[in-house]
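So you can see what is in the structure, the chains are spelled out below.
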Amino acid sequence: MLSPHATTEYGTLLRVAMRYASDFTRALDGPDVHPVLARQQTTSTWAPYTPAVVRSQQDLLISLLRSRGTEVVLLDDAPGCSAQHYPRDIAFVIDHVLVMARLNSEHRRPEANALARLLTHTQHVVHLDEGTIEGGDVMLHTDAVLVGLGEETSPAGIRALEKALDSHGVEREVRPVRFAVDGIVHLDDHFTIVAPDTALIHRGVFPSDQLHWFEQHFDLIDVNDDEARTVQANVLAIAPGTVVVAAGSDRITAELTARGLDVLTVDYSEVTRIPGSLRCTTLPLNRA
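As the structure is a computational prediction, the values presented were derived from the model and not from experiment.

K.L.:
Explain the side chain of R108 to me, please; I cannot follow it from the model alone.
P.N.:
Inspection of the secondary structure assignment puts R108 in the loop between β4 (97-100) and α3 (116-119). Given the relative accessible area of 7%, R108 is considered buried. Within polar-contact distance, the side chain of R108 engages the backbone oxygen of Y86 at 3.3 Å. Leaving out residues up to four positions away in the same chain, R108 has contacts with A83, Y86, D89, L103, E134 and H186.

This is how it looks when you write it as structure tokens:
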């Protein structure tokens with residue numbers, strides 16, 4: 001029986017789900033490009049990836065996680081889904097509840113089927129009944145759940161999450177995070193909690209009132225425009241005080257190290273050719 005549990009973004013990662021990349025199948029330009037994708041290309045870098053290289057880089061992360069005592073559960077393939085190696089979006093754990101996401105992009109919806117074999121042995125699974133919400137927009141902070149309202153998550157999805165958590169006895173405020181620009185893929189490309197009260201932030205995409213709230217609650221490490229476009233804010237905390245960062249994020253690594261965090265690096269350069277990185281490729285199931 002799988003008993004999901006996560007109360008923070010930085011608790012020791014005990015069990016995580018991942019899935020290898022498939023062939024790249026999405027058109028990135030031309031008249032048939034979906035308008036949501038067209039808007040997202042204004043804030044993020046999109047380019048076809050080589051699946052074998054992505055998988056080899058994922059193996060580097062898997063080896064690192066296993067060396068730190070994390071159980072890595074590999075999910076079944078979702079044929080035809082170019083973003084299937086980003087399982088963060090298909091579900092998320094809040095306290096003792098595993099919430100199935102409602103994906104905005106129709107072509108991604110088969111990705112969630114890979115969780116079926118896990119769900120048959122999982123308690124406290126929630127299926128939302130309206131709107132859209134994806135795991136890349138969801139973050140845990142003290143007694144709140146922060147939810148980004150970008151291109152993939154809707155106000156109706158946030159309302160559905162509020163009702164579901166209440167019905168399962170989860171006493172957390174669900175707090176929407178708004179953006180100042182269109183084209184945001186997910187919150188975790190521009191804001192990521194890395195330790196208690198410490199977060200990376202790309203200030204340029206948030207309105208002033210949201211920035212003020214962040215400043216009141218976190219020691220903020222700034223991420224510049226170029227770093228955000230190459231998804232360097234999308235890091236993965238695997239234990240209190242330990243963060244995995246993509247190789248090449250030298251300035252961010254220095255800022256994290258200066259705050260006393262242990263920084264581990266992996267080469268994720270091919271993974272990030274479409275806008276996702278370490279956090280996107282991992283779905284935490286259990287954190288201590």
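K.L.:
What's the story with the sheet that holds strand β1 (residues 13-18) in this structure? I'm lost.
P.N.:
For sheets, the rule is that strands pair by backbone hydrogen bonds, running either parallel or antiparallel. Strand order in the open sheet formed by three strands is β2-β1-β15, with mixed pairing between adjacent strands. With partners counted over all chains shown, the strands left at the sheet margins are β2 (71-74) and β15 (283-287), one partner each. Ignoring strand direction, the axes of neighbouring strands in this sheet form an average angle of 20°. Of the pairings in the sheet, the one linking β1 to β2 comprises four bridges and is parallel in character. Across the sheet, residue V16 finds its bridge partner in β2, namely V72. Lying on the sheet, helix α2 (residues 51-67) is in contact with β1 and β2; it crosses β1 at an angle near 160°.

K.L.:
Would you explain the pairing of strand β11 (residues 219-222) in this entry?
P.N.:
Looking down a regular strand, the side chains alternate between one sheet face and the other. Sheet topology note: the strand β10 (residues 198-201)/β11 ladder contains four bridges and is parallel. The residue of β11 that forms the bridge with L200 is I221. Regarding topology, helix α5 (residues 208-217) serves as the crossover connection from β10 to the parallel β11, and that connection is right-handed.

K.L.:
Quick question: what am I supposed to make of the nonpolar core here?
P.N.:
Taken as a class, soluble globular proteins show a tendency for nonpolar side chains to be buried jointly. If you look at the biggest cluster of nonpolar residues, it comprises 38 residues, and the most contacted ones within it are F92, I94, L115, V145, V147 and L161. Listed by contribution, the elements that provide at least two residues to this core are β3 (91-94), β4, α3, β6 (138-141), β7 (144-148), α4 (155-167) and β15.

K.L.:
Quick question: what am I supposed to make of the packing of aromatic side chains here?
P.N.:
Geometrically, a pair of aromatic rings is defined through the distance of the ring centres and the angle of the planes. On inspection of all chains with the given rule, the structure shows seven aromatic pairs. Seen in terms of ring centroids, F191 and F214 are 4.2 Å apart; in terms of plane orientation they differ by 15°. Their pairing is stacked. Of this pair, F191 sits in strand β9 (residues 191-195) while F214 sits in helix α5, and the two are 23 residues apart along the sequence. Taken as a pair, F191 and F214 share a single burial class, namely buried. Seen from their ring centres, W213 and F214 are 5.8 Å apart, and the 65° between their planes marks the pair as edge-to-face. According to the relative accessible area criterion, W213 is buried, its value standing at 11%. Among the aromatic side chains, those forming a connected cluster through ring pairs are F179, F191, F206, W213, F214 and F218.

K.L.:
Would you explain unusual backbone geometry in this entry?
P.N.:
Backbone phi values are negative for most residues with the exception of glycine, while trans is the configuration of most peptide bonds. With a phi angle near 45°, T142 is a residue other than glycine that sits in the positive phi range. Topologically, T142 is positioned in the loop between β6 and β7. Of note in this structure, V231 is not a glycine but carries a positive phi near 55°. Mapped onto the elements of the fold, V231 is located in the loop between α6 (225-229) and β12 (236-239). Of the residues examined, V231 reaches a relative accessible area of 2% and is grouped as buried.

K.L.:
Help me understand the sheet that holds strand β13 (residues 242-246), please; the structure alone is not making it clear to me.
P.N.:
Strand order in this open sheet of three strands is β12-β13-β14, and the pairing throughout is mixed. With partners counted over all chains shown, the strands left at the sheet margins are β12 and β14 (262-266), one partner each. Neighbour to neighbour, the strand axes of the sheet diverge by 30° on average, direction disregarded. Sheet topology places β12 next to β13; three bridges connect them, and they run antiparallel. Note that in β13 the partner of L236 across the bridge is V244. Along the sheet, α2 contacts β12, β13 and β14; its crossing angle with β14, the most-contacted strand, is approximately 145°.

Thresholds, definitions, all that
- Residues numbered from 1 in each chain as written.
- Predicted model: local features only at pLDDT ≥ 70, side-chain atom pairs only at ≥ 80, totals over all residues.
- Heavy atoms only, no water.
- Helix = DSSP H or I, 4+ residues; strand = E, 2+ residues; numbered from the N terminus.
- Buried < 20%, exposed > 50% of the residue type's maximum accessible area, 1.4 Å probe, protein only.
- Polar contact = N/O pair within 3.5 Å; in protein donor to acceptor, adjacent residues only side chain to side chain.
- Contact = heavy atoms within 4.5 Å.
- Pairing = 2+ DSSP bridges.
- Axes fitted to C-alpha atoms, helices over the stretch in contact; angles between N-to-C directions.
- Right-handed = clockwise from strand over helix to strand, strands pointing away.
- Core = buried A, V, L, I, M, F, W, Y, C linked by side-chain atoms within 4.5 Å.
- Phe/Tyr/Trp six-rings, centres within 6.5 Å; stacked < 30°, edge-to-face > 60°.

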